[in-house]
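Residue-level listing of the chains:
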Amino acid sequence: MKFNDVIQAGDWKGEKHVPVIEAPDSVDKEESVSIEVSVGKEIPHPNTTEHHIRWIALYFKPDSGKFAYEVARLEFNSHGEAVAGANEGPLYTEPKGTVTMKAKESGTLMAMSYCNIHGLWENSRQLKVK
Ligand code: FE
């Protein structure tokens, strides 16, 4: 069994779990670039105590190297929990955030998200560095 066997993929426009990576297609070398990652951009994912997105991790795999680097991890930690019970709480974190980075060379941005009941999902997009 490999991670490959349990990580799902798909088109985010039709599958609400797929993480969306929004970034420019190309940037200048060492230019500060903001990358937005989210789940549920087209079809909102539920956000309840019983069913929600726990985290999104963003990685960068430079074209010249073998290894992926972890850019950032976003954890979404409030989903209506309260002493009074499930979904009675005052707060729901939404699965969305912006990460700012600089790259010295072109590569692939890769995102992985985790739904507490539907598991792991991935997406990727190229980032060209001039
Ligand atoms: Fe789900």
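In the block above lies the structure referred to throughout.
Here the structure is a predicted model, which is why all the values come from computation and not from measurement.

A. Local environment of the overall build of the chain. The helix and strand inventory of the chain stands at zero helices and nine strands. For the chain, the sequential pattern of α-helices and β-strands runs β-β-β-β-β-β-β-β-β. Reported as C-alpha extents along the three principal axes, the dimensions of the chain are approximately 55 × 35 × 25 Å. Taken across its 130 residues, the chain has 36% of its residues classed as buried. For the chain, contacts bridging at least 24 residues in sequence account for 60% of all contacts bridging at least 6.

B. Molecular detail of the environment of Ala-23. Of note, Ala-23 is situated in the loop between β2 (19-22) and β3 (26-27). Each residue touching Ala-23, except ones within four places of it in the same chain, is listed here: Ser-34, Ile-35, Leu-109 and Arg-125.

C. Structural context of the pairing of strand β4 (residues 33-39). The element β4 is extensively covered by neighbouring structure, given that five of its seven residues are classed as buried. As paired elements, β2 and β4 share four bridges and run antiparallel to each other. Within β4, the residue paired with Glu-22 across the bridge is Glu-36. For β4 and strand β7 (residues 96-101), the ladder comprises six bridges, and the chain directions are antiparallel. Looking at the pairing, Ser-38 lines up with Lys-96 of β7.

D. Representation of the side chain of Ser-106 in the model. Here Ser-106 is to be found in the loop between β7 and β8 (107-115). At a separation of 2.8 Å, a polar atom in the side chain of Ser-106 contacts the main-chain amide nitrogen of Val-129. The residues contacting Ser-106, other than those within four sequence positions of it, are Phe-60, Pro-62, Asp-63, Leu-127, Lys-128 and Val-129.

E. Quick peek at the sheet that holds β7. In space, the three strands of this open sheet follow the order β2-β4-β7, with antiparallel pairing throughout. Edge positions in the sheet fall to β2 and β7, since each has one partner strand and no second. Averaged over all pairs of adjacent strands, the angle between their axes in this sheet comes to 20°, without regard to strand direction.

F. Examining the coordination of the iron ion more closely. Looking at the iron ion, the protein donor atoms are His-17 (NE2), His-45 (NE2), His-51 (NE2), Cys-115 (SG) and His-118 (ND1), and they sit 2.1 to 2.4 Å from it. Each donor residue of the iron ion lies on one chain, and together they are spaced H-x27-H-x5-H-x63-C-x2-H. Of this pair, His-17 sits in the loop between β1 (7-8) and β2 while His-118 sits in the loop between β8 and β9 (119-129), and the two are 101 residues apart along the sequence. Residue class for His-118 comes out partly exposed when judged on its relative accessible area of 38%.

G. Just the side chain of His-17, in detail. Using a relative accessible area of 4% as the deciding quantity, one classes His-17 as buried. Separated by 2.8 Å, the side chains of His-17 and Glu-15 make a polar contact. Polar side-chain contacts of His-17 include one of 3.0 Å to the side chain of His-45. Sequence-distant contacts of His-17, that is, excluding residues within four places in its chain, are made with Val-39, His-45, His-51, Ile-53, Ser-113, Cys-115, His-118 and Trp-121.

Rules behind the numbers
- Residues numbered from 1 in each chain as written.
- Predicted model: local features only at pLDDT ≥ 70, side-chain atom pairs only at ≥ 80, totals over all residues.
- Heavy atoms only, no water.
- Helix = DSSP H or I, 4+ residues; strand = E, 2+ residues; numbered from the N terminus.
- Buried < 20%, exposed > 50% of the residue type's maximum accessible area, 1.4 Å probe, protein only.
- Contact = heavy atoms within 4.5 Å.
- Pairing = 2+ DSSP bridges.
- Polar contact = N/O pair within 3.5 Å; in protein donor to acceptor, adjacent residues only side chain to side chain.
- Axes fitted to C-alpha atoms, helices over the stretch in contact; angles between N-to-C directions.
- Donors = N, O, S within 2.8 Å, 3.2 Å for Na, K, Ca; no water.

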